[in-house]
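# Residue-level structure breakdown
Below are the chains, spelled out letter by letter.
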Amino acid sequence: MSGALALATPVAGRGCDGCTLCCKLMPVDELAKPAATWCKHCEPASGCRIYDDRPHGCRVFFCGWLVNQAVAPHWRPRESRMVLDFQPAMNRLAVHVDPGRPDAWRKPPYHAELRIMATRMAEAGGYVLVACGANFTMLLAHQEFPLGHVLPSDRIVFAKTAGPGGWIYDVQVTPGGADSAAGANVLPTV
Ligand code: SF4
Ligand code: SF4
């Protein structure tokens, strides 16, 4: 799991309350737990069986709905089937979608709101990355790039060049170890 240490105080009135969706959707490096797979220590819809001894990555993770007042109530993970992970260091929002509800992010009002978030982030050079299992989609201001099946060892190469009508974006997935395009940003997967 990544985390949101700077925003580690839950919004008033919000709590996990047995949600546990992040224990399915998020990878946990310390446990070699892949994304989109239930943690072996999780009691779904209840909690963590090793709560007092859970890994550091679990201790510092707070989803965007839980700690960010600007995230509307209907983004509650149990309702939306998505876990929002704001990653300021990467200048991106990672959206982890429950593979059991792969179309959750395309349903109203979520898809329209994700496009608004992508537009705001693009103004600062950022983007939204939607992950449903190993299937990734990058959202930019007015564009959507289906990246397909991306392995943890793969790299997302993201470049933009000035065009006559604004920025022209190019997004590609390259196998781990491949050279990246000149002037491109090489991004880790989530
Ligand atoms: S996804 Fe959010 S609300 Fe659900 S258990 Fe994780 S931190 Fe709590
Ligand atoms: S160790 Fe506990 S908190 Fe961490 S992912 Fe597993 S069930 Fe969730």
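This is a predicted model, so every value here is computed, not measured.

Counting its regular elements, the chain contains 5 helices and 10 strands. Residues counted as buried form 31% of the 190 residues belonging to the chain. A sequence separation of at least 24 residues applies to 49% of the contacts in the chain between residues at least 6 apart.

With that out of the way, let us pick up the environment of Ser 46. As for its position among the elements, Ser 46 is in the loop between strand E1 (42-43) and strand E2 (47-48). Separated by 26 residues in sequence, Ser 46 and Thr 20 have C-alpha atoms that sit 6.9 Å apart. Apart from residues no more than four positions distant in its own chain, Ser 46 is found in contact with Gly 18 and Thr 20.

What follows is about the sheet that holds strand E6 (residues 135-139). Here we have 5 strands laid out as an open sheet, ordered E3-E4-E5-E6-E7, and mixed in their pairing. The strands lining the two open edges of the sheet, one partner per strand, are strand E3 (82-87) and strand E7 (144-149). Along the sheet, successive strands turn relative to each other by an average axial angle of 20°, direction set aside.

Here we take up helix H5 (residues 110-123). A rise of 1.5 Å per residue sets the reference length of H5, with its 14 residues, at 20 Å; its end C-alpha atoms lie 20 Å apart and thus fit the reference within 8%. Buried within H5 are the following residues: Tyr 110, Leu 114, Met 117 and Ala 118. Angularly, the buried residues of H5 cover 100° about the axis, an arc narrow enough to put them on a single face. Away from its buried face by more than 90 degrees, H5 exposes Ala 112 and Glu 123. Looking at the buried side of H5, the elements it contacts are helix H4 (77-80), strand E4 (92-97), strand E5 (127-132) and E6. Gly 125, located one to two residues past H5, shows a positive phi value of around 80°.

Attention now moves to the nonpolar core. Core analysis: the biggest nonpolar cluster contains 43 residues, and Leu 84, Val 95, Val 128, Val 130 and Ala 131 have the highest contact counts within it. Among the secondary structure elements, those contributing two or more residues to this core are helix H1 (22-25), helix H3 (64-67), E3, E4, H5, E5, E6 and strand E8 (155-163). Every residue in contact with Leu 84, bar those within four places of it in the chain, is listed here: Cys 63, Gly 64, Trp 65, Val 71, Trp 75, Leu 93 and Val 95.

Turning our eyes to something else, we now look at the site of ligand 2. As a structural note, the neighbourhood of ligand 2 is formed by Cys 23, Val 28, Cys 39, His 41, Cys 42, Cys 48, Ile 50, Arg 54, Pro 55 and Cys 58. Taken together, the residues of the shell around ligand 2 break down into 8 nonpolar, 1 polar and 1 charged.

Mapped onto the elements of the fold, Tyr 169 is located in strand E9 (residues 166-174). As for Tyr 169 and Gln 143, which are separated by 26 residues in sequence, their C-alpha atoms are 8.7 Å apart. Ignoring any residue separated from it by four or fewer positions in sequence, one finds Tyr 169 in contact with Leu 140, Gln 143 and Lys 160.

How each quantity is defined
- Residues numbered from 1 in each chain as written.
- Chains lettered and ligands numbered in written order.
- Predicted model: local features only at pLDDT ≥ 70, side-chain atom pairs only at ≥ 80, totals over all residues.
- Helix = DSSP H or I, 4+ residues; strand = E, 2+ residues; numbered from the N terminus.
- Buried ≥ 20, exposed ≤ 12 C-beta atoms within 10 Å, placed from the backbone.
- Contact = placed C-beta atoms within 7 Å.
- Pairing = 2+ DSSP bridges.
- Axes fitted to C-alpha atoms, helices over the stretch in contact; angles between N-to-C directions.
- Expected span 1.5 Å × (residues − 1).
- Arc of directions from axis to C-beta.
- Core = buried A, V, L, I, M, F, W, Y, C linked by C-beta atoms within 7 Å.
- Near = placed C-beta within 6 Å.
- Nonpolar A, V, L, I, M, F, W, Y, C, P; charged D, E, K, R; others polar.

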